[in-house]
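Take a look at the letters that make up each chain.
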Amino acid sequence: MAKLILSMDGLVLKEIALDKERLSIGRKPHNDIQIDNLAISGEHAVIVTILADSFLEDLNSTNGTLVNGQTIKKHFLRNNDVIELGKYKLKYMADQAGAASVPAEPDHASAGRLGAIKSAADLQLLAGDTGEHSNIGVTSRPAPLPPAAIQLLNGPNAGKELELLKTLTTLGKPGTQVAVIARRPHGYFITHVEGTVFPYVNGQAIDAQAHPLEDHDVIEIAGIKMEFFLKA
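Read on for an overview of the structure. Keep in mind it's a predicted model, so treat the numbers as computed, not measured. (Residues numbered from 1 in each chain as written. Predicted model: local features only at pLDDT ≥ 70, side-chain atom pairs only at ≥ 80, totals over all residues. Heavy atoms only, no water.)

The next subject is the overall build of the protein chain. Secondary structure summary: the protein chain contains two helices and 23 strands in total. Looking at the protein chain alone, contacts between residues at least 24 apart form 42% of all its contacts between residues at least 6 apart. Accessible surface, the protein chain as shown: approximately 11,400 Å² in total, 52% of it carbon and sulfur. (Helix = DSSP H or I, 4+ residues; strand = E, 2+ residues; numbered from the N terminus. Contact = heavy atoms within 4.5 Å. Areas by Shrake-Rupley, 256 points an atom, 1.4 Å probe, with all protein chains shown as cover.)

Given below as structure tokens:
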């Protein structure tokens, strides 16, 4: 299991296991990692972990979030990355057992995975890597799953389908609302990633944890409704 090592001025304060899919960092007490310092925003950043991959997002904090000395908005975390929040540092330690057989990708590959946008009317689709080049699901190949897709239900492109062929597919509008659909060995799951409003499934807002998808579930994100369905 991956973990974070929290330190200040070279002194290790504690270790935090990334045992939750969504882990919040900030000054307010409700955060998973509370750092009671005025340089830290009330809700400063969040780390989303899906299978073996974790990525960091700054939540429009006042003083910003740095990784390895560079200001980031979103960042795909790699082993030994150092997250800087004011005087505090969080060192990311990947699960080496799970990462041993995963080939390293160049920085531009991970940036492309999180930033490449395909437009479908008002819906934007950011696609993750697939197959043997993905960091997800390489060491334990998923059992066969029925193929699945989503179909847009409103907007100019109503009726358009997107097959969920990738291990990780990101949906939404960056800066407004983003969620990911993960293809796991035991099914398809949707997880909230970005935005103050959580996605809806069948008219009910999901929480911060991964939500399993069933055949013909209706998802609403960034004002677009879509139907998840299994393909025969």
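This is not the end of the story, as more comes after the structure.
Our focus in this paragraph is the packing of aromatic side chains. Applying the stated criterion to the full structure yields one aromatic pair. Over the face of the ring belonging to F189 we find R184, whose NZ or CZ atom lies 4.7 Å from the ring centre. (Phe/Tyr/Trp six-rings, centres within 6.5 Å; stacked < 30°, edge-to-face > 60°. Lys NZ or Arg CZ within 6 Å of the ring centre and 35° of its normal.)

Below, the discussion takes up the environment of L152. Summarising the element assignment, L152 is placed in strand 14 (residues 148-152). The class of L152 is buried, set by a relative accessible area of 6%. For the pair L152 and I219, spaced 67 residues apart in sequence, the C-alpha separation works out to 9.5 Å. (Buried < 20%, exposed > 50% of the residue type's maximum accessible area, 1.4 Å probe, protein only.)

The subject of this paragraph is the sheet that holds strand 10 (residues 82-85). Within the open sheet, the six strands sit side by side as 2-1-11-10-7-8. Their pairing is antiparallel. Two strands bound the open sheet, and with one partner strand each, they are strand 2 (11-17) and strand 8 (70-72). Averaged over all pairs of adjacent strands, the angle between their axes in this sheet comes to 30°, without regard to strand direction. Pairing between strand 1 (residues 3-8) and strand 11 (residues 88-93): six bridges, direction antiparallel. Across the sheet, residue L6 finds its bridge partner in strand 11, namely L90. (Pairing = 2+ DSSP bridges. Axes fitted to C-alpha atoms, helices over the stretch in contact; angles between N-to-C directions.)

Glancing now at the pattern of salt bridges. Tallied over the full model, the rule gives four salt bridges. Note that E21 is salt-bridged to R184, the shortest N-O span being 2.8 Å. Here the residue E21 occupies a position in the loop between strand 2 and strand 3 (22-26), and R184 occupies one in strand 17 (residues 177-184), the gap between them amounting to 163 residues. The residue E163 makes a salt bridge to K231 at a minimum N-O spacing of 3.7 Å. In this pair, E163 is assigned in strand 15 (residues 161-163) and K231 in the segment after strand 23 (224-230), connecting sequence segments 68 residues apart. Judged by its relative accessible area of 39%, E163 is partly exposed. For K231, a relative accessible area of 26% translates into the label partly exposed. (Salt bridge = Lys/Arg side-chain N within 4 Å of Asp/Glu carboxyl O.)

Of note, the phi angle at N68 is positive, near 55°, even though the residue is not glycine. Mapped onto the elements of the fold, N68 is located in the loop between strand 7 (65-67) and strand 8. A positive phi angle, near 55°, is found at N202, a position not held by glycine. Inspection of the secondary structure assignment puts N202 in the loop between strand 19 (200-201) and strand 20 (204-205). Exposure remark for N202: the relative accessible area of 46% places this residue in the partly exposed category.

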